[in-house]
Amino acid sequence: MEIGIDSFASAMYGSDALEGVDAMEQLLDRISMADQSGLDVFGIGEHHKKEFLDSAPAVILAAAAARTKNIRLTSAVTVLSTSDPVRVYQSFATLDLISKGRAELVVGRGSAIDAYPLFGFNLNDYDALFKEKLDLLLKIRENEFVTWSGKFRPALNNQPVYPRSLQEKLPVWLGVGGTPESFARAGRLGLPLMVAIIGGETERFRPLIDLYREEGHRAGFRPDQLKVGLHSPGYVAATDELAIDEYYPGYAELWTKLGRERGWPPVTRRQFDALIAPRGVLVVGGPEKVAEKLLNHSKALGGVDRFTFQMDNAGLTHQQLMRSIELIGTKVIPLLKRNVD
C-alpha cells in the first residue's frame, strides 16, 4: 500500500491566519519532509476560497518538484469540469519533465462548486462537462496529434499538444465521492480510482468498489490495472491519546462551522469517538493504531493500493503536521510493510 498526504494548502490554523508567503513556505517544507521521510505521494487540491492557497496546484507541485527527489506529485483533485483539458495536460506534462517522471493527476467534478461561477460554467452541466473533458484529456494523453469535437470546447483538428510527458502515459486517477456512475465510469475506462471518504464507516463503500472492479473486468482490464486509492481525514501522533487531544478541537471547530453553512448539527465528542473507532473513517491515533486501521480498511474494501491522509485543515500547527508526516514515514509505513510481508 502506497502512503501519502493530500493538502488543500490551508493558511488557517485554528483562529489564526498565516500570511500567504509563510503558509506556502511551510507547505513546501512539509512536502520536503514527506519526501525525506519516505512517503510515496503528495497531492495538492484545488479550491478557489480565501482560506486555501491551492487554486493553481500544478504551480505548487512544480515548486515542490525542485525540492524533492523521490515522492510522486499529484493533484487532489483537479476540477476538470471547469478546466481546459489541453492546459491541464500541458501543465502536468511540464511538471512531469521538471520532476523527472513523478507527476500524476487525480481528476474529478469537484465537491466544492466555487470554480463553476468563477470560470463561467453552468452547474446544470455538472456531469456533462466532466464526461466530455475527461474524454478529451485521455485522447491528448494517448495522442500527440489530436482530432476531437464536443459541445463545451472548440474542436481540435489534427492539432499537436506539447510538451509531452516524460512518462509514456501520464497517470490519471479518477476522483470519486459516492455516485455509482462515477465508480462504473472509472472501471469502464480502466482508470485507477481515488475514493474520498470523509464520514461514516469506510466499509460502506465496498459495493461501489466492487462495481468499479466488475465494470473494469467486463471492459477487459486486468486486476492490476484497476487500482483503488482511499483519501480520508487523519493524523498521527506519538500516542493515541496525544493524537486525539491535538486533532479533535480543530476537527470539531471546522466541521461545526461547515455544518452551520450546510445545515448539519454541531460535532459532538460521541460522534468523533465513533469515527475514530475501528470501522470509522477517521485515521487518527498513534502509529500502531493507524497502521492497524489502514490494514483493516484495505481488507474491508477488498484491497487498497494507496491511502492519502488529509490533515491540514483541522487547526493543527505546522510543527504538529511536520511531526505527523515524519511519524507516518518512520513508523507507520514500516509497520504496514512488516504486516504485509
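Preceding block: the structure.
These numbers were taken from a predicted model, which means no experiment stands behind them. (Residues numbered from 1 in each chain as written. Predicted model: local features only at pLDDT ≥ 70, side-chain atom pairs only at ≥ 80, totals over all residues. Heavy atoms only, no water.)

Trainee: Would you mind showing me how to read the environment of His-47 here?
Mentor: Position of His-47 among the secondary structure elements: in the loop between strand E4 (41-44) and helix H2 (57-67). For His-47, a relative accessible area of 13% translates into the label buried. Spatially, the C-alpha atoms of His-47 and Ile-140 are 25 Å apart, while their sequence positions differ by 93 residues. His-47 has contacts with Phe-8, Phe-52, Asp-54, Ser-55, Ala-112 and Asp-114, leaving out every residue within four places of it along the chain. There is a polar contact of 2.8 Å between the side chain of His-47 and the side chain of Asp-54. (Helix = DSSP H or I, 4+ residues; strand = E, 2+ residues; numbered from the N terminus. Buried < 20%, exposed > 50% of the residue type's maximum accessible area, 1.4 Å probe, protein only. Contact = heavy atoms within 4.5 Å. Polar contact = N/O pair within 3.5 Å; in protein donor to acceptor, adjacent residues only side chain to side chain.)

Trainee: Quick question: what am I supposed to make of the packing of aromatic side chains here?
Mentor: Two measures describe an aromatic ring pair: the distance that separates the ring centres and the angle between the ring planes. Scanning all chains against the criterion turns up eleven aromatic pairs. Aromatic pair Tyr-235 and Tyr-247: ring centres 6.0 Å apart, planes at 15 degrees, arrangement stacked. With Tyr-235 in strand E12 (residues 228-236) and Tyr-247 in helix H8 (residues 240-262), the pair connects residues that are twelve residues apart, well separated along the chain. With relative accessibility at 2%, the residue Tyr-247 sits in the buried group. Feature note: the residues Tyr-235, Tyr-247, Tyr-248, Tyr-251, Trp-255, Trp-264 and Phe-272 constitute an aromatic cluster, connected by ring pairs. (Phe/Tyr/Trp six-rings, centres within 6.5 Å; stacked < 30°, edge-to-face > 60°.)

Trainee: When you look at helix H9 (residues 269-276) in this model, what are you seeing that I'm missing?
Mentor: Of all the positions in H9, only Phe-272, Leu-275 and Ile-276 are classed as buried. The buried residues of H9 occupy one face: seen down the axis, they fall within an arc of 95 degrees. Against H8, strand E13 (283-285) and helix H10 (287-300) lie the buried residues of H9. (Arc of directions from axis to C-beta.)

Trainee: Any chance you could explain the pairing of strand E14 (residues 306-310) here in plain terms?
Mentor: If a strand is regular, its side chains alternate between the two faces of the sheet. Judged by how many residues are buried, E14 sits mostly within the fold: five of five residues are covered. Side chains Arg-306, Thr-308 and Gln-310 project from E14 onto one buried face, and the interleaved Phe-307 and Phe-309 project onto a second face that is buried too. Of the strand pairs in this sheet, strand E1 (residues 2-7) and E14 are connected by five bridges, and their pairing is parallel. If you follow Asp-6 over to E14, its bridge partner there is Gln-310. When E12 meets E14, the two strands line up parallel, connected through five bridges. Looking at E14, one finds that Pro-233 is bridged to Gln-310. (Pairing = 2+ DSSP bridges.)

Trainee: Explanation requested: the packing of H2 against helix H3 (residues 85-98) in the structure shown.
Mentor: The axes of two packed helices give the description: the angle between them and the distance between them. Where H2 meets H3, the axes come as close as 9 Å, and the angle between the chain directions of the two elements is 5 degrees. Here H3 runs roughly parallel to H2, going by the angle between their axes. The residues of H3 that touch H2, namely those facing Ala-58, Leu-61, Ala-62 and Ala-65, are Ser-91, Phe-92, Leu-95 and Ile-98. Of the residues that constitute the contact of H2 with H3, the class distribution is seven nonpolar, one polar and no charged. (Axes fitted to C-alpha atoms, helices over the stretch in contact; angles between N-to-C directions. Parallel < 35°, antiparallel > 145°, perpendicular 65-115°, else oblique. Nonpolar A, V, L, I, M, F, W, Y, C, P; charged D, E, K, R; others polar.)

Trainee: Help me understand the packing of helix H1 (residues 20-36) against H2 in this model?
Mentor: Two elements in contact, H1 and H2, have axes whose closest approach is 10 Å; the angle formed by their N-to-C orientations is 50 degrees. Taken together, the axis directions place H1 and H2 in an arrangement best described as oblique. The element H1 and its partner H2 pack so that their crossing is right-handed. Where H1 abuts H2, its residues Met-24, Glu-25, Leu-27, Leu-28, Asp-29, Ile-31 and Ser-32 lie against Ile-60, Ala-63, Ala-64 and Arg-67. Across the contact of H1 with H2, the residue classes tally to seven nonpolar, one polar and three charged. (Left-handed = near helix turned anticlockwise from the far one by under 90°.)

Trainee: So what exactly am I meant to see when it comes to the side chain of Gln-320 here?
Mentor: Relative to the assigned elements, Gln-320 resides in helix H11 (residues 318-340). By relative accessible area, Gln-320 is classed as buried at 15%. In this structure, Gln-320 is in contact with Tyr-235 and Glu-246, ignoring residues within four places of it in sequence.

Trainee: Honestly, unusual backbone geometry in this entry has me stumped. Any pointers?
Mentor: Excluding glycine, a negative phi dihedral is what most residues carry, and trans is how most peptide bonds are arranged. Of note, the bond from Ala-76 into Val-77 is cis; its omega dihedral lies within 30 degrees of zero at 0 degrees. The residue Val-77 is located in the loop between strand E5 (72-75) and strand E6 (78-79) in this model. Tyr-162 connects to Pro-163 through a cis peptide bond whose omega is 0 degrees. As for its placement among the helices and strands, Pro-163 is situated in the loop between strand E9 (156-160) and strand E10 (172-176). One non-glycine residue with positive phi stands out, namely Ala-9, at about 55 degrees. Looking at the element boundaries, Ala-9 is found in the loop between E1 and strand E2 (12-13). Ala-9 sits in the buried class, given a relative accessible area of 3%. For Lys-100, which is not glycine, the phi torsion reads 60 degrees and is therefore positive. In this fold, Lys-100 is placed in the loop between H3 and strand E7 (103-108).

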